[in-house]
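These are the residues of each chain, in order.
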Amino acid sequence: MTGEASAIPAPIGLLAELTHRCPLRCPYCSNPHELEKRSAELPTETWLRVLGEAAELGVLHVHLSGGEPTARADIVEITAHCARLGLYSNLITSGVGAALGKLDALAEVGLDHVQLSVQGAEPATAERIGGMPGAHAQKLAFAERVRELGLALTLNAVIHRGNIAEVEAMIDLALAMGARRLEIAHAQYYGWGLLNRAALMPARADVVRSIAAVDAARKCLAGRLVIDLVVPDYYARYPKACAGGWGRRLINVTPSGRALPCHAAETIPDLAFWSVAEHALRDIWHHSPAFNAFRGTGWMPEPCRSCDRREQDWGGCRCQALALTGDAAATDPACALSPFHATMRATAEAEAAAELPPGYRYRGKRSGVRREGLLPG
């Protein structure tokens, strides 16, 4: 997109990836395979400056994420600064490890909202997927304390072959935990999720049943629980607007400070990602080559360029187009008009029909140690 900076709308959200450290080993994790080291993380003073620049730029929401953001020793200070700046703060957390011990202090300094991840409704499912014994009980205790503190709570459940049978039970779990919102988000295949796609891909019939369960619950629970649904791209007819459209609504800052238009953007080669350690956030938003690479509609090929939906889905996902076609500028294969759409659907159906491996392949860095093995299925 070319043109004056004034034509670019202000971002609404800042996704602050404070750290890649996390006690869980979820096989669908969209973080990069090479996780950023603790020694590379931005210092507190830089994050405080970035938050101030975000507020000046027009950002309304700050999503404190990771990894597990409560692994940062300065998470309370960072959250307090959000409150001082008038930024709505959302803690995206696994609810395990250090999370519960810091929750009271976070509430005290003005945390607005908690988004808690759940890997399954049943303890055995959750602990198998997350790779951490006792994690489910910790999540229950964490959610209980969130409720006692009067904080708004959203549950986020990433859905895949390993837990799709528990969608209805997850809705019941959200009610039991006192959540106001539940995100039923079918897995998106980036990072570790792409590596494990064959083991994670659900059957189309199971996807249809899960969507029907959500539709029924929405009607039954209207006014009690808001349920957001993210459908799987591999079975979709139209693509989703990635992050609300490339460079339109969101700034993602990695633990080391690289500013990205979306979480997986670093998978696209030859894009120059400016760092908040070297550039002001406003300068990055308006002038970074990466943010301008797929902004607007001018970059689009046909059939996207002349499509009536071009300003609804904004071309779909560039990272998915790259992963499945080898070209980040290609039409997202989730679109029925893409020449790769049939191949995408066939891939999903073939992987879903294949015999489930004995477990999920995972590799991750925890406390600087590289681990590799099978998560029992």
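First things first, this report covers the structure right here in the doc. None of these values were measured; they are calculated from a predicted model.

Mapped onto the elements, Ser338 comes out in the loop between α13 (318-325) and α14 (341-353). The exposure class assigned to Ser338 is buried, which follows from its relative accessible area of 6%. What Ser338 contacts, discounting residues up to four positions off in sequence, is Thr331, Asp332 and Pro333.

Moving on, we get to the packing of aromatic side chains. In this structure the tally under the stated criterion is 4 aromatic pairs. A ring pair is formed by Tyr189 and Tyr234, whose centres lie 5.3 Å apart and whose planes are at 85°; its orientation type is edge-to-face. Residue Tyr189 is located in the loop between β6 (181-186) and α7 (191-195), and its partner Tyr234 is located in the loop between β7 (226-230) and β8 (250-253); the two are separated by 45 residues in the primary sequence. Residue Tyr234 is classed as buried on the basis of its relative accessible area, which comes to 3%. Both rings, one in Trp246 and one in Phe294, keep their centres 5.2 Å apart while their planes meet at 85°; by these two values the pair is edge-to-face. Within this pair, whereas Trp246 is found in the loop between β7 and β8, its partner Phe294 is found in the loop between α11 (289-293) and α12 (310-313), the two being separated by 48 residues in sequence. By relative accessible area, Phe294 is classed as buried at 10%.

We now examine helix α9 (residues 204-220). Look at α9: 25 Å from first C-alpha to last across 17 residues, which is about the 24 Å you get at 1.5 Å a residue. What α9 keeps buried is the set Val207, Ser210, Ala213, Val214 and Ala217. One side of α9 holds all its buried residues, which, seen down the axis, span an arc of 120°. In this structure, α9 carries Arg209, Lys219 and Cys220 as exposed residues pointing more than 90 degrees from its buried face. On its buried face, α9 sits against α6 (167-177), β6 and β7.

A separate point is the environment of Ala83. Structurally, Ala83 is set in helix α2 (residues 75-85). With 268 residues separating them in the primary sequence, Ala83 and Glu351 have C-alpha atoms 46 Å apart. The contacts of Ala83, once residues within four sequence positions are left out, are Val109 and Gly110.

The step from Gly66 to Gly67 runs through a cis peptide bond, and the omega angle for that step is 15°. Among the structural elements, Gly67 can be located in the loop between β2 (61-65) and α2. We note that Ala243 has phi near 55°; this positive angle belongs to a residue other than glycine. Judged by its relative accessible area of 29%, Ala243 is partly exposed. Notably, Trp314 is not glycine yet its phi reads approximately 50°, a positive angle. Within the secondary structure, Trp314 is located in the loop between α12 and α13. You can call Trp314 buried: its relative accessible area is 12%.

With that out of the way, let us pick up the nonpolar core. The biggest cluster of nonpolar side chains holds 78 residues, and the ones touching the most others in it are Leu14, Val62, Leu153, Leu155 and Ile251. Apart from the residues lying within four places of it in its own chain, the contact partners of Leu155 are Leu116, Val118, Leu173, Ala174, Met177, Ala179, Arg181, Leu182 and Glu183. Among the nonpolar cores identified, the runner-up in size contains 19 residues, and Ile268, Ala290, Trp299 and Met300 belong to it.

Counted at 1.5 Å a residue, the expected span for α14 with its 13 residues is 18 Å, and the 18 Å between its end C-alpha atoms agrees. Elements that come into contact with the buried residues of α14 comprise α8 (197-200) and α13.

As a further point, take the pairing of strand β3 (residues 88-93). Sheet topology note: the β2/β3 ladder contains 4 bridges and is parallel. The residue of β3 that forms the bridge with His63 is Asn90. Relative to strand β4 (residues 113-118), β3 runs parallel, the two being bridged by 4 bridges. Residue pairing for β4: Ile92 is matched across the bridge by Gln115.

By the element assignment, Asp233 lies in the loop between β7 and β8. Note: C-alpha distance between Asp233 and Cys335 (102 residues apart in sequence) is 8.7 Å. With near-sequence residues (within four places) excluded, Asp233 lies in contact with Gln188, Tyr190, Lys240, Gln320, Ala334 and Met344.

In total, this model carries 15 salt bridges according to the counting rule given. Arg147 is paired through a salt bridge with Glu144; the nearest N and O atoms lie 2.3 Å apart. Of this pair, Arg147 and Glu144 both sit in helix α5 (residues 135-149), 3 residues apart, which is roughly one turn of the helix. Relative accessible area serves as the criterion here: at 39%, Arg147 is assigned to the partly exposed category. For Glu144, a relative accessible area of 31% gives the class partly exposed. Close ionic contact of Arg258 with Glu266 constitutes a salt bridge, the shortest N to O distance being 2.4 Å. On the basis of relative accessible area, Arg258 is assigned to the partly exposed category, the value being 28%.

What counts, and at which threshold
Residues numbered from 1 in each chain as written. Predicted model: local features only at pLDDT ≥ 70, side-chain atom pairs only at ≥ 80, totals over all residues. Heavy atoms only, no water. Helix = DSSP H or I, 4+ residues; strand = E, 2+ residues; numbered from the N terminus. Buried < 20%, exposed > 50% of the residue type's maximum accessible area, 1.4 Å probe, protein only. Contact = heavy atoms within 4.5 Å. Phe/Tyr/Trp six-rings, centres within 6.5 Å; stacked < 30°, edge-to-face > 60°. Expected span 1.5 Å × (residues − 1). Arc of directions from axis to C-beta. Core = buried A, V, L, I, M, F, W, Y, C linked by side-chain atoms within 4.5 Å. Pairing = 2+ DSSP bridges. Salt bridge = Lys/Arg side-chain N within 4 Å of Asp/Glu carboxyl O.

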